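A closer look at the structure
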Amino acid sequence: AQSVAQPEDQVNVAEGNPLTVKCTYSVSGNPYLFWYVQYPNRGLQFLLKYITGDNLVKGSYGFEAEFNKSQTSFHLKKPSALVSDSALYFCAVSPPSNTGKLIFGQGTTLQVKP
Amino acid sequence: DAGITQSPRHKVTETGTPVTLRCHQTENHRYMYWYRQDPGHGLRLIHYSYGVKDTDKGEVSDGYSVSRSKTEDFLLTLESATSSQTSVYFCAINGGGGQYEQYFGPGTRLTVT
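Residues numbered from 1 in each chain as written. Chains lettered and ligands numbered in written order. Predicted model: local features only at pLDDT ≥ 70, side-chain atom pairs only at ≥ 80, totals over all residues. Heavy atoms only, no water.

Thoughts on the nonpolar core
Residues and elements named next belong to chain A. What counts is decided by this rule: What we call a nonpolar core is a set of buried Ala, Val, Leu, Ile, Met, Phe, Trp, Tyr and Cys residues that are connected through their side-chain atoms within 4.5 Å. For each residue, the accessible area found with a 1.4 Å probe, counting protein chains only, is set against the maximum for its type, and the residue is called buried under 20%, exposed over 50%, and partly exposed in between. Runs of H or I in DSSP of at least four residues are treated as helices and runs of E of at least two as strands, each being numbered from the N terminus.
Membership of the largest hydrophobic core comes to 27 residues, with the highest contact counts inside it found for Trp35, Leu47, Leu48, Phe74, Leu76 and Tyr89. Going through the elements one at a time, β2 (10-14), β3 (19-21), β5 (32-38), β6 (44-50), β8 (64-68), β9 (73-78), β10 (87-94) and β12 (108-113) are the ones with two or more residues in this core. With four residues, the top contributor of residues to this core is β10.

Right under this line is the structure:
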């Protein structure tokens, strides 16, 4: 079965420190990979995507993600965390097809403390 | 923000009653999706549409039906609501043709008592 795993329910980091939110996937073929962020009582906002090409992709708000095909991972990173980055983060995968359906991980809450 | 609205934003209903949620887009996008969000499960696909009158089932489609009679509207119906359908429902759109990411509406919080 196709799946996405976010192994940490919560990540705590101090403001100014680097952050990493982990994601691994089990999907056949060459899937498209995404990160979304959700602030309280809001919809999901698109952060970044990997389709093909360079393994390091840059997105909104200073976030970036590294695609590793051999480890089937797509970890979200930021060099210097802000308190305002505190939110719920979702990794999602779209299996190769033309329908664009997404398979989501369960989400990781990022808490950045001053 | 992408032009997606959902209505109602909040609804409380009783077990056994029918409920219809509406998603409206102003982007003229081909693909539309309904997801539900539950703690510990992330978002799970209920149904999706790839054009007017063209729909297909997702991962958790039991107890739900959809209709799309116009490009801009995608309706999700719970024929007979159950407490297990208490959730937050999100609509999403995707333009296709090289636009790979989806854009999400603000969500509808549904409580079935």
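Description of the state of the cysteines
This is how the line gets drawn: Defined by distance alone, a disulfide is two cysteine sulfur atoms within 2.5 Å.
Going through the model one piece at a time under the given rule, you end up with two disulfides over all chains. With a sulfur-sulfur separation of 2.0 Å, A:Cys23 is cross-linked through a disulfide to A:Cys91. Here the S-S torsion is close to -65 degrees, and the disulfide linking A:Cys23 with A:Cys91 is therefore left-handed. In this pair, A:Cys23 is assigned in the loop between β3 and β4 (24-26) and A:Cys91 in strand β10, connecting sequence segments 68 residues apart. Each member of the pair, A:Cys23 as well as A:Cys91, is classed as buried. The partner cysteine of B:Cys23 in its disulfide is B:Cys91, sulfur to sulfur 1.9 Å. Every disulfide takes its handedness from the sign of the S-S torsion; for B:Cys23 and B:Cys91 that torsion is -70 degrees, giving left-handed. Of this pair, B:Cys23 sits in strand β3 (residues 19-25) while B:Cys91 sits in strand β9 (residues 87-94), and the two are 68 residues apart along the sequence. Its relative accessible area of 0% is what places B:Cys23 among the buried residues. On the accessibility criterion, B:Cys91 (0% relative accessible area) is buried.

Some thoughts on the packing of aromatic side chains
Threshold: Only centres within 6.5 Å qualify two rings of Phe, Tyr or Trp (six-membered ring in Trp) as a pair; their planes then separate them into stacked at under 30 degrees, edge-to-face at over 60, and tilted for everything else. For a Lys NZ or an Arg CZ to count as sitting over a ring, it must be within 6 Å of the ring centre and within 35 degrees of the ring normal.
The tally for this structure, following the rule as stated, stands at 16 aromatic pairs over all chains. Joined through ring pairs, the aromatic side chains of A:Phe34, A:Tyr36, A:Phe46, A:Phe90, A:Phe104, B:Tyr33, B:Tyr35, B:Tyr48, B:Tyr50, B:Tyr103 and B:Phe104 make up one cluster. Positioned above the aromatic ring of A:Phe63 is the side chain of A:Lys78, whose terminal nitrogen or guanidinium carbon lies 5.0 Å from the ring centre.

What to know about the environment of A:Gln106
Threshold: Any two residues having at least one pair of non-hydrogen atoms within 4.5 Å are treated as being in contact. Any N or O atom pair separated by 3.5 Å or less is treated as a polar contact, with the protein-specific requirement of one donor-capable and one acceptor-capable atom, and with residues adjacent in sequence counted only for side-chain atom pairs.
Within the secondary structure layout, A:Gln106 lies in the loop between β11 (103-104) and β12. Taking the C-alpha atoms as reference points, A:Gln106 and A:Ala81, 25 residues apart in sequence, are found 22 Å from one another. If we skip the residues at most four places from it in the chain, A:Gln106 touches A:Val4, A:Ala5, A:Gln6, A:Asp9, A:Phe90, B:Gly40, B:His41 and B:Gly42. A polar side-chain atom of A:Gln106 sits 2.7 Å from the main-chain carbonyl oxygen of A:Gln6.

Topic: the interface of chain B and chain A
Interfaces are often sized by the accessible area lost when the parts come together. Note the threshold: Each of two parts loses accessible area, computed with a 1.4 Å probe, when they are put together; buried area is these two losses added. For this analysis, a salt bridge means a side-chain nitrogen from Lys or Arg found within 4 Å of a carboxyl oxygen belonging to Asp or Glu.
Listed by partner, the interface residues are 19 residues for chain B and 21 residues for chain A. Counting each side, the surface lost to burial between chain B and chain A is near 1700 Å², with a carbon and sulfur contribution of 57%. The three residues of chain B that bury the most area against chain A are B:Tyr100, B:Glu101 and B:Phe104, which together make up 32% of that side's buried surface. Inspection of the chain B/chain A interface yields one salt bridge. Close ionic contact of B:Glu101 with A:Lys49 constitutes a salt bridge, the shortest N to O distance being 2.8 Å. At the boundary of chain B and chain A, one finds five residue pairs in polar contact (both at pLDDT 80 or more).

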